[in-house]
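An overview of the molecular structure
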Amino acid sequence: MTKFRPLHDRVVVRRLAGEEKTVGGIIIPDTAKEKPMEGEVVSAGPGARNEQGQVVALDVKAGDRVLFGKWSGTEVKIDGEELLIMKESDILGIISA
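Presented here is an overview of the structure given in this document. (Residues numbered from 1 in each chain as written. Predicted model: local features only at pLDDT ≥ 70, side-chain atom pairs only at ≥ 80, totals over all residues. Heavy atoms only, no water.)

1. Details of the overall build of the chain
When its secondary structure is counted, the chain shows zero helices and eight strands. Secondary structure elements in the chain, listed N-terminal to C-terminal, are β-β-β-β-β-β-β-β. The 97 residues of the chain split such that 25% are buried. Considering only intrachain contacts with a sequence separation of at least 6, the fraction spanning at least 24 residues in the chain is 63%. Just so you have it, the chain exposes about 6,900 Å², and 53% of that area is on carbon and sulfur atoms. (Helix = DSSP H or I, 4+ residues; strand = E, 2+ residues; numbered from the N terminus. Buried < 20%, exposed > 50% of the residue type's maximum accessible area, 1.4 Å probe, protein only. Contact = heavy atoms within 4.5 Å. Areas by Shrake-Rupley, 256 points an atom, 1.4 Å probe, with all protein chains shown as cover.)

Right, dumping it as structure tokens:
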């Protein structure tokens with residue numbers, strides 16, 4: 001990936017692939033699939049400044065698997081890869097292994 005570094009409390013997320021078929025085995029075509037709301041953090045900014053001007057570090061880091069809101073983030077294409085840039089507050093939580 002290009003040397004792209006998000007600023008402040010922004011995070012770059014790669015969507016994880018959604019399910020290709022239903023529990024019953026029916027294959028879902030691309031046009032009917034919902035975009036997954038789960039992803040992996042590619043990179044994270046240094047953090048936001050608080051009222052005293054100090055940088056407060058983010059709770060997420062590169063490699064974390066996260067869950068985010070359905071309409072969260074801005075879709076961008078970096079080096080041909082589709083990624084999302086969102087604020088840390090758009091992330092609902094970290095999924096532990």
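2. So, the side chain of S72
Counting through the fold element by element, S72 comes out in the loop between strand 5 (65-68) and strand 6 (74-78). Discounting chain neighbours no more than four positions away, the residues touching S72 are L84, M86 and D90.

3. Side note on the side chain of D9
Along the polypeptide, D9 turns up in the segment before strand 1 (10-15). Its relative accessible area of 16% is what places D9 among the buried residues. Contacts of D9, omitting those with residues within four sequence positions, involve G47, A48, L58, M86, K87 and E88.

4. Quick look at the nonpolar core
Of all hydrophobic cores here, the largest spans 10 residues; its members are V11, V13, V41, L58, V60, V66, F68, L84, M86 and I91. Mapped onto this core, the elements with two or more residues apiece are strand 1, strand 5 and strand 7 (81-87). What V66 contacts, discounting residues up to four positions off in sequence, is V13, M37, E38, G39, V41, V60, I91, G93, I94 and I95. Counting residues in hydrophobic clusters, the runner-up holds five residues, among them V12, I78, L83 and I85. (Core = buried A, V, L, I, M, F, W, Y, C linked by side-chain atoms within 4.5 Å.)

All we've got here are geometric facts, nothing functional implied.
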